[in-house]
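Coordinate inspection notes
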Amino acid sequence: MIRLFSIFLAMSLTLAACGPGPTVSDGSSNGKIYRIGRADTGKIQFRMLDSVNALRSASGQAPLELDPKLNAAAATHSRDMSVQNRPWHFGSDGSSPIDRVQRVGYSGTLVGENISETYESELETLAAWMEKPDTRRVILSPDATQMGFAWFQENNGKIWWTLVTGSTAVNAGPV
């Protein structure tokens, strides 16, 4: 576990040094708010993909690819969680993660979904997911071949993160 954390930390620092990230501005009672600009979308999605793949590599798993349909399912759910004001896996219309990936036309199989309500960055959120067995299993599943990742940030800085993994393999299934 220490080796995995060390790899994750080293990669996070390396990626952070590659270029400017989302802007951080004063405004919260505890200091800073992590603000995501429109131009940061691709950077954040690929930073998350690279981080997930580094963790998967350290665990002997194959890398994932970003899938636009899974990104769309994740974005829809992030926005819907904000509307509902609660982090959970069901949509306001009663939809499940399986329903959402089918609605966007994803032809593969859902492997899993991780969600979070936080003021933290995507890498801090990933680190928190890796600390819990259920969310870590979604990230490191050997069945997963594709990933979708999106968020919705409220004006107060709160971020609703959604990571969805899927597979084009015939025998894959939810974790």
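Up top is the structure these notes are about.
First things first, this report covers the structure right here in the doc. No experiment lies behind these values; they were computed from the predicted model shown. (Residues numbered from 1 in each chain as written. Predicted model: local features only at pLDDT ≥ 70, side-chain atom pairs only at ≥ 80, totals over all residues. Heavy atoms only, no water.)

**Focus on the overall build of the chain**
Along the chain, the regular secondary structure elements total six helices and six strands. Listing every helix and strand of the chain by position from the N terminus yields α-β-β-α-β-α-α-β-α-α-β-β. For the chain, with 175 residues in total, the buried portion stands at 47%. Surface accessibility of the chain: about 9000 Å² in total, with carbon and sulfur atoms responsible for 55%. (Helix = DSSP H or I, 4+ residues; strand = E, 2+ residues; numbered from the N terminus. Buried < 20%, exposed > 50% of the residue type's maximum accessible area, 1.4 Å probe, protein only. Areas by Shrake-Rupley, 256 points an atom, 1.4 Å probe, with all protein chains shown as cover.)

**A few points about helix α6 (residues 133-140)**
When we look at burial in α6, the residues that qualify are Thr135, Val138, Ile139 and Leu140. Those residues of α6 that are buried lie in contact with α2 (41-58), β4 (109-118), α5 (122-131) and β6 (159-167). (Contact = heavy atoms within 4.5 Å.)

**What about the pattern of salt bridges?**
A side chain with one charge can pair with a side chain of the opposite charge if their charged atoms come near. One pass over the full model with this rule turns up four salt bridges. When the shortest N-O distance is used, the salt bridge between Glu122 and Arg47 registers 2.6 Å. On the criterion of sequence distance, the pair formed by Glu122 in helix α5 and Arg47 in helix α2 is long-range, its members being 75 residues apart. Both residues of the pair, Glu122 and Arg47, count as buried. The salt bridge partner of Glu113 is Arg100, with a shortest N-O separation of 2.9 Å. Taken together, the residues Glu113 in strand β4 and Arg100 in helix α4 (residues 97-103) connect sequence positions 13 residues apart. The pair Glu113 / Arg100 is uniform in exposure class, with both members buried. (Salt bridge = Lys/Arg side-chain N within 4 Å of Asp/Glu carboxyl O.)

**Focus: the packing of α2 against α5**
Viewed as axis vectors pointing N to C, α2 and α5 meet at an angle of 30°, and their least axial separation amounts to 10 Å. Between α2 and α5, the angle is such that the two are roughly parallel. Of the two elements, α2 crosses α5, and the hand of that crossing is right-handed. On α5, the residues that touch Ile44, Arg47, Met48, Ser51, Val52 and Leu55 of α2 are Glu122, Leu123, Leu126, Trp129 and Met130. For the contact of α2 with α5, the class distribution of residues is eight nonpolar, one polar and two charged. (Axes fitted to C-alpha atoms, helices over the stretch in contact; angles between N-to-C directions. Parallel < 35°, antiparallel > 145°, perpendicular 65-115°, else oblique. Left-handed = near helix turned anticlockwise from the far one by under 90°. Nonpolar A, V, L, I, M, F, W, Y, C, P; charged D, E, K, R; others polar.)

**Remarks on the pairing of β6**
Summarising burial for β6: nine of the nine residues are buried, a large majority. Neither face of β6 is left uncovered, since the one carrying Ile159, Trp161, Leu163, Thr165 and Ser167 and the one carrying Trp160, Thr162, Val164 and Gly166 both have all their residues buried. Where β4 meets β6, nine bridges bridge the pair, whose relative direction is antiparallel. When the sheet's bridge partners are listed, Leu110 is paired in β6 with Gly166. By the bridge criterion, eight bridges tie strand β5 (residues 146-153) to β6 in an arrangement that is antiparallel. Bridging from a neighbouring strand, Phe149 pairs with Leu163 of β6. (Pairing = 2+ DSSP bridges.)

**Brief notes about the packing of aromatic side chains**
Evaluation of the coordinates by the stated rule reveals three aromatic pairs. An angle of 50° between the planes, with centres 5.9 Å apart, marks the rings of Phe149 and Trp151 as tilted. Accessibility expressed as a relative area gives 0% for Phe149, which makes it buried. Taking relative accessible area as the criterion, Trp151 reaches 14% and is therefore assigned buried. Both rings, one in Trp151 and one in Trp161, keep their centres 5.6 Å apart while their planes meet at 55°; by these two values the pair is tilted. (Phe/Tyr/Trp six-rings, centres within 6.5 Å; stacked < 30°, edge-to-face > 60°.)

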